[in-house]
Amino acid sequence: MFRQRINNIFIDYRHRFVSSPASYAMAALSGIIFALIMFIMVADVTMRYLFSAPIFGASEIIEFVMVFAIMLALPHCAATDSHIRVDIFDKKLGRKGQNLADIFSGIVSMVVLGFLCYRTILKGAEAYEYQDLTALLKLPLWPLYGIIVVGMAGYFLVLFRKVVSLILKDTK
């Protein structure tokens, strides 16, 4: 029984991996970025406490690349259903009601993500036009807005695929 359950989980995960190579690649890049963040943080703390010479701008670098790490991981998180899900009413709704609730929440999420993408594009264009920079290292801010749009657009596409799949499954 236990072995069968593990095999089902593995097979299901492999299917998701194959069906979404772009989201997997983005998540892998996110993992590399998180490793870079840990390296910078350890190096900064070590330099600060052993040599009284912290890495200049380490906290700003970490803040900057954290946006990349989170937004790149977002589509894969959605594709593999790894995000937090509140399932208080799932049993009471039944299978059909749960599918309708998932369709509704997916559509609402796509509308919100579409609006956020639009606003982020405008804000990124404004940051590019005015050459907005970080305070300490003077790094341009517009690439952050670009990666936020990429992450949210990827999440939008995953949601679109799921909603269409649920609608087609519901009509059968």
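On a predicted model such as this, the values are computed, not experimentally measured, just so you know.

Novice: Can you help me understand the environment of proline 140 in this one?
Specialist: Among the secondary structure elements, proline 140 is positioned in the loop between helix 4 (90–129) and helix 5 (142–171). Each C-alpha atom of the pair proline 140 and alanine 127 lies 8.1 Å from the other, and the pair is 13 residues apart in sequence. Setting aside residues up to four positions removed in sequence, proline 140 forms contacts with Phe64, Asp132 and Leu133.

Novice: Sorry, what's going on with the confidence of the model for the protein here?
Specialist: Confidence in the prediction for the protein averages 85 pLDDT; 87% of positions are at 70 or higher. Every residue in residues 5–19 scores below 50 in pLDDT, and together they form 8 contacts with partners more than four places removed in sequence or on other chains.

Novice: How do you make sense of the packing of helix 2 (residues 21–51) against helix 3 (residues 58–79) when you look at a structure like this?
Specialist: For any two helices packed against each other, one specifies the inter-axial angle together with the distance between the axes. One way to put it is that helix 2 packs onto helix 3 with a least axis distance of 8 Å and a crossing angle of 155°. It follows from the interaxial angle that helix 2 and helix 3 lie roughly antiparallel. Remark: the crossing between helix 2 and helix 3 carries left-handed chirality. A class-by-class count of the residues in the contact of helix 2 with helix 3 yields 22 nonpolar, 3 polar and 1 charged.

Novice: Explain the nonpolar core to me, please; I cannot follow it from the model alone.
Specialist: Side chains of a nonpolar character, in soluble globular proteins, are inclined to be buried together. Formed by 13 residues in total, the largest nonpolar core has its most connected members in Leu113, Met152, Tyr155 and Leu159. For this core, the secondary structure elements donating two or more residues are helix 3, helix 4 and helix 5. With 6 residues, the top contributor of residues to this core is helix 5. When sequence neighbours within four positions are dropped, the list of residues in contact with leucine 113 reads Met152, Tyr155, Phe156 and Leu159. Among the nonpolar cores identified, the runner-up in size contains 10 residues, and Met26, Ile37, Ile40 and Leu72 belong to it.

Novice: Teacher, can you tell me more about the packing of aromatic side chains here?
Specialist: Aromatic rings in a pair are described by how distant their centres are and how their planes are angled relative to each other. Considering all chains together, one arrives at 2 aromatic pairs under this definition. On the numbers, 6.0 Å between centres and 35° between planes, the contact of phenylalanine 64 with phenylalanine 68 is tilted. One end of the pair is phenylalanine 64 and the other is phenylalanine 68, both in helix 3 and 4 residues apart, which spans about a single turn. With relative accessibility at 14%, the residue phenylalanine 64 sits in the buried group. Between the aromatic rings of tyrosine 128 and tryptophan 142, the centroid separation amounts to 5.4 Å while the plane-to-plane angle is 90°, which identifies the pairing as edge-to-face. Note that tyrosine 128 is positioned in helix 4 and tryptophan 142 in helix 5, a separation of 14 residues in sequence. When its relative accessible area of 38% is taken as the criterion, tryptophan 142 is described as partly exposed.

The rules we used
- Sequence positions are assigned chain by chain, starting from 1 and proceeding in written order.
- The predicted origin of the model limits local features to residues at a pLDDT of at least 70 and limits the giving and counting of side-chain atom pairs to 80 or more, whereas totals for whole chains, interfaces and linings rest on all residues.
- To get the side-chain values, take all heavy atoms of the structure and skip hydrogens and water.
- Numbering goes from the N terminus for both helices and strands, where a helix is a DSSP run of H or I of at least four residues and a strand is a run of E of at least two.
- Here, two residues are considered to be in contact whenever any of their heavy atoms come within 4.5 Å of each other.
- For every residue, the pLDDT score states the predictor's confidence, bounded by 0 at the bottom and 100 at the top.
- Here an axis means a line fitted to C-alpha atoms, over the contact stretch when the element is a helix, while the angle between two N-to-C directions is reported on a 0 to 180 degree scale.
- If an angle is under 35 degrees, it is roughly parallel; if it is over 145, roughly antiparallel; if it lies from 65 to 115, roughly perpendicular; otherwise it is oblique.
- Less than a right angle of anticlockwise turn of the near helix away from the far helix marks a crossing as left-handed, whereas a clockwise turn marks it as right-handed.
- Only Asp, Glu, Lys and Arg are considered charged in this grouping, and only Ala, Val, Leu, Ile, Met, Phe, Trp, Tyr, Cys and Pro are considered nonpolar; every other residue, Gly among them, is considered polar.
- Here, nonpolar core means buried Ala, Val, Leu, Ile, Met, Phe, Trp, Tyr and Cys residues that are tied together by side-chain atoms lying within 4.5 Å of each other.
- Per-residue accessibility, obtained with a 1.4 Å probe over protein chains only, is compared with the maximum for each type, and a residue is labelled buried under 20%, exposed over 50%, and partly exposed between these values.
- Stacked, tilted and edge-to-face pairs are distinguished by plane angle, under 30 degrees for stacked and over 60 for edge-to-face with tilted covering the rest, among Phe, Tyr and Trp rings (Trp via its six-membered ring) whose centres lie within 6.5 Å.

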